[in-house]
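Structure assessment
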Amino acid sequence: METQEAPKQPPRAEPVKSTLPQPGRPVPSRAYPGALIVVEGTDGSGKSTQLYLLKRWLEIGGYRLHFTEWNSSPLVKAATRRGKQRRLLTPTTFSLLHAADFADRCERQIMPLLQGDYLVLADRYVYTAFARDGARGCPQKWLRNLYRFAPVPDITFYFRAPLEVAVHRILSGRPKLKYYEAGMDLGLSYDRAESFRLFQARILEGYDNMVESDNFVVLDGTLPVNKLQKQMRDIVASKIDLKRFAPRAAEAE
Amino acid sequence: MPDPEKPEPEKPELEKLAKAKSEKDRAEKLEKEKSPPAAEPQPTLAAKPGAAQPEEDSSQSFFGEPLVGFDPNEISGSLIVIEGMDGSGRSTQISLLQEWLESEGFSVQTSGLRRSNLVGRDIDELLAKNAVTRLTLALMYSTDFFDQVEHRIVPALKSGAVVLADRYVFTLIARGVVRGINRDYLAGLYAMALRPHQTFWLNVRPETAFGREFRKAQAISYWEAGRDMSLSHDLYWSFIRYQTMIKREFEAMAKKHSFVELDGEASVPTVNKLLRQRIAEHLGIRGTKYAPSSALAHLWR
């Protein structure tokens, strides 16, 4: 999966930090020529909307990209559904199942595409697990180890919205919160909305704790959509050499 | 390998320590600080500030981290693990031991790989389709393992039962390591696993195992032969090489985790007698007399 030879592409401005090594060995700097852009944030922080708009911008520009979502591998879908329906999931197995899902996408899509010089956009990444599973009581040390095979993103956008704003967006838009979504398994409250609020508060705290250590680019989730998108595009353009992902232009050179 | 693990003096006591409660807390903690959990680390990697290593300060009941939301003081039963390669006679011995223990008045629960309600069947499907990468498979197995720990093993241990585990984290670690997954990674993954009270290793030669397995199904399965590893196009050699690699991992772990190694080549009654003696000692059973009922007599050869 991991190559040791240095790729032939020109080096990027931002070297990859190897805090999350491969299972076999740490990901060396520039182990792959592609770039990874991640969005994180609580439910209702606006991150998915923003990533969609970023994706449209890049797609329209003809850039080589791949979009991937948290918890979307068909591999473990049946198991996740079963576990949720029958409420079999504990903090540990919930976490492991998501890790298996991520490992599948990582080994079969994310890593190969990064190696193949693609721009990979991820809606939620390992930080979701660190914040969410941490809120469920899994030890951080264990979680960090669990995901140490994950390549470190080139940019991690953290869409920060105050708890009340995010909770209101979700509660007003969704008729009924699901059991695990509301964090009912934590036994914080019998009221789903209240449980959701308490659960999200813990997750928010988990994210806030990672801002420094994991180099999050913090964006204000309460700003108007188009303003936020402008900020996001400016940051992407300044941090990533986008030209390299436009195949037509590259061929012409 | 340049002595990655030094046999430590207090090693033989590990089982007893795990059984005894608070008084021996400190001794155990010391022991744990010296030896990171499960599988000895490669010397080069061990020194790195990897996520899963030192400063372990948790219950003696676990390899490392305590299981989320679990109080080890609630345990009154015993966890007994039988490890060994395919064809080493594990399942036969477990059937016999279960009958013997029940006849002695012990409540028995069993566990084994791919038996969880959560993902047991999913793993079967993945294996059948052979469309899965090594890390994903390892994590599916760990999900399966922890689901059984939380829904089967721990409840049984809380109720005072004897849990007979047909394979345990050691097999899962060995399989991962031979496929190139970092030892420390796997050790960290299983840091929340309960430390067994006794671990038996039925050691057989791969050649013997091959014969036994072949006789069972008149075939050798893809995974038993480690064919995903492209070791040989020849089925027999693939099996032998793969199982030899696994066996080497077991040899390394045997010292570290004080396995009770038994000669799996011996006859079923002989191996069973040795198992009964050790288990009787652990559980405080006086006699070890046992003859299988007619239902299990066919295993007694």
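Residues numbered from 1 in each chain as written. Chains lettered and ligands numbered in written order. Predicted model: local features only at pLDDT ≥ 70, side-chain atom pairs only at ≥ 80, totals over all residues.

**A look at the overall build of chain B**
For chain B, the helix and strand inventory stands at 11 helices and five strands. Counting the 301 residues in chain B, one finds 46% classified as buried. Here the contacts in chain B between residues at least 6 apart in sequence split such that 78% fall between residues at least 24 apart. (Helix = DSSP H or I, 4+ residues; strand = E, 2+ residues; numbered from the N terminus. Buried ≥ 20, exposed ≤ 12 C-beta atoms within 10 Å, placed from the backbone. Contact = placed C-beta atoms within 7 Å.)

**Re the sheet that holds strand β5 (residues 216–220) of chain A**
Residues and elements named next belong to chain A. Ordered by their spatial adjacency, five strands build an open sheet running β2-β3-β1-β4-β5, and the pairing between neighbours is parallel. On the outer flanks of this sheet lie β2 (65–69) and β5, each paired with one strand and no other. Shown here is a sheet whose adjacent strand axes are inclined to one another by a mean of 20°, direction ignored. Note: β2 against strand β3 (residues 119–123), five bridges, orientation parallel. When the bridges of β3 are listed, E69 appears paired with D123. Against the sheet, helix α1 (residues 47–60) engages β1 (35–40), β2, β3 and β4 (155–160), with an angle of about 160° to β3. (Pairing = 2+ DSSP bridges. Axes fitted to C-alpha atoms, helices over the stretch in contact; angles between N-to-C directions.)

**Re unusual backbone geometry**
What is expected of a backbone is that most residues other than glycine have negative phi and most peptide bonds are trans. Even without a glycine there, the phi angle at N71 of chain A is positive, about 60°. If you trace the backbone, N71 of chain A turns up in the loop between β2 and α2 (74–85). Under the C-beta neighbour-count criterion, N71 of chain A is labelled partly exposed, with 16 such atoms within 10 Å. In this structure, S258 of chain B is a non-glycine residue whose phi angle is positive, near 40°. You can see S258 of chain B is positioned in the loop between α10 (235–256) and β5 (260–263).

**As for the sheet that holds β5 of chain B**
All names here are of chain B. On the basis of which strands lie adjacent, the open sheet formed by five strands has the order β2-β3-β1-β4-β5 and parallel pairing. Both edges of this open sheet fall to β2 (108–112) and β5, since each of them pairs with a single strand only. Put simply, the sheet's adjacent strands are angled 20° from each other on average, direction ignored. Pairing between strand β1 (residues 78–83) and strand β3 (residues 162–166): five bridges, direction parallel. Bridge pairing links V81 to A165 in β3. Of the strands in this sheet, β1, β2, β3 and β4 (198–203) touch helix α4 (residues 90–103), which is tilted by about 170° from β3.

**Some points on the confidence of the model for chain B**
Residue and element names in this part refer to chain B. With 80% of its residues at a pLDDT of at least 70, chain B reaches an overall mean of 83. Across residues 1–59 the pLDDT falls below 50, and counting only partners more than four positions away or on other chains, this stretch makes 83 contacts in the model. Scored as a complex, the prediction yields pTM 0.82 and ipTM 0.83. (pLDDT = per-residue confidence, 0-100.)

**Digging into the packing of helix α7 (residues 169–178) of chain B against α10 of chain B**
Residues and elements named next belong to chain B. Interhelical geometry of α7 versus α10 gives an angle of 125° and a closest axis separation of 9 Å. Considering the angle they form, α7 stands oblique to α10. The hand of the α7/α10 crossing is right-handed. Of the residues in α10, those touching α7 at F170, A174, R175, V177 and V178 are M245, I246, E249, F250 and M253. (Parallel < 35°, antiparallel > 145°, perpendicular 65-115°, else oblique. Left-handed = near helix turned anticlockwise from the far one by under 90°.)

**A short note on α7 of chain B**
Residues and elements named next belong to chain B. Where burial is concerned, most of α7 is hidden: 10 out of the 10 residues are buried. Buried within α7 are the following residues: V169, F170, T171, L172, I173, A174, R175, G176, V177 and V178. Packing partners of the buried residues in α7 comprise β1, α6 (134–158), α8 (183–189) and α10.

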